[in-house]
Amino acid sequence: MNIMQVLIIKLGAIGDMIRTTSIIQGLKSKYKDAKIDWVTKKESFDILKNNNLIEKIYLIGSNLQELKSKNYDIVISLDDDEEACRLASSINCKKIIGAFIGNGKRIYTQDSSEWFDMGLISQFGKQKADELKAKNKKTYQEIIYAILDLKYEKQELILILNYEEAQFGKNFASKNKIGKNELVIGINTGAGSRWQDKKLSVEETAELIDKLNNQIKNSKIILFGGPEEKERNENIKKSVKTKIIDTGCNNSLMEFASLVNLCSILVTSDSLALHIGTALKKKIVAFFYPTSASEIELYGRGIKIIGKGKSYCSYQPRCDYPPEWDIDEIVKAVKKLT
């Protein structure tokens, strides 16, 4: 019997790549001896490197001659940017599912239309694509499983910390006197610079931290952020009246994941932290506004909160109608998960 050779092309945002790892188990179930290769960007390599279900990882920007000399049964191309589409079209394969170059432009296969009809290269144009995205009630995983003709049974995301990576979080906990069985609440209310209205404000975040500290006794609250949130997090620390443990904003990707792994509950925007927390099977309170809450699978471990306003699910980097957040609603959700 021939072994099924599968190539996954996923070059986009790291969070998107993490949630795409959920398809690996589905592929392995359908094609028992499948060998799965993956192409991604260098900055995403660490997410996949400890995953022994992946045969080989290829990186964009390095020598891809070996990849292009191979023959695949299926190429799964899940990004619609030019680079990913060109790569998909250059691979020797029996079948492609997803986006590629056809007649000199970016197009996608009919069987992948449920996903790409809602995207930037939609055959219907942007306005209709946005309408379809707003109407969609399926999670990303449900849609991708349907596209690939796999049986969706809420297969989990895969993110594995090796010993050294896991130790980083343990050392942080020890240094900050966080006990193994303590209730640890992670706060990740920023979202980088692209989506202005995914975030809570500094004032709202400080209010959230103080209310959690006052209403949930014997908990430790830790603050997360990336390089773009350095100034923001300094302002949050100055604004809070209660205790907060700062994880810093200069952690590497896997250090960040190791710190998220300390959390009992993670309160987060729709951002990288959300996908990391989901992959690490954390309880999550996730809040949404410009992006779709329906697309996100929390595996029965979380609560979704949607900001009030007319621009929900508009995918506007800065919304015409900014969100209104009820901080008490977020606090209530955290308490429900404790």
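Please read these numbers as outputs of a predicted model, since none were measured by experiment.

The rules behind these values
Residues numbered from 1 in each chain as written. Predicted model: local features only at pLDDT ≥ 70, side-chain atom pairs only at ≥ 80, totals over all residues. Heavy atoms only, no water. 1 Å grid on protein atoms, 1.4 Å probe; cavity = no way out; pocket = protein on both sides within 12 Å on 5 of 7 lines; lining within 4 Å. Points joined across faces, edges and corners; volume = space filled by probe spheres on them. Nonpolar A, V, L, I, M, F, W, Y, C, P; charged D, E, K, R; others polar. Axes fitted to C-alpha atoms, helices over the stretch in contact; angles between N-to-C directions. Helix = DSSP H or I, 4+ residues; strand = E, 2+ residues; numbered from the N terminus. Parallel < 35°, antiparallel > 145°, perpendicular 65-115°, else oblique. Left-handed = near helix turned anticlockwise from the far one by under 90°. Contact = heavy atoms within 4.5 Å. Pairing = 2+ DSSP bridges.

Draft legend 1. Highlighting empty space enclosed by the protein. In total, this model carries 1 cavity of 30 Å³ or more according to the counting rule given. What the largest cavity holds in volume is close to 50 Å³. Taken together, Arg19, Gln141, Leu157, His275, Thr278, Glu295, Ile296 and Glu297 make up the lining of the largest cavity. In the lining of the largest cavity, the residues fall into 2 nonpolar, 3 polar and 3 charged.

Draft legend 2. The packing of helix H9 (residues 163–175) against helix H12 (residues 253–260), seen in detail. In the contact formed by H9 and H12, the axes pass within 8 Å of each other and the chain directions differ by 55 degrees. By the angle class used here, H9 and H12 are oblique. For the pair H9 and H12, the sense of crossing is right-handed. Residues Glu165, Ala166, Phe168, Gly169 and Phe172 of H9 form the contact with H12, whose own contacting residues are Met254, Glu255, Ser258 and Leu259. Its residues assigned to classes, the contact of H9 with H12 comprises 5 nonpolar, 2 polar and 2 charged.

Draft legend 3. Up close: the sheet that holds strand S11 (residues 283–288). An order of S9-S8-S7-S10-S11-S12 is seen for the 6 strands of this open sheet, with the pairing classed as parallel. Whereas interior strands pair on both sides, the edge strands pair on one side only; in this sheet they are strand S9 (245–246) and strand S12 (302–306). In this sheet, S12 lies alongside S11 in parallel orientation, the contact comprising 5 bridges. Within S12, the position partnered with Phe288 by the bridge is Ile306.

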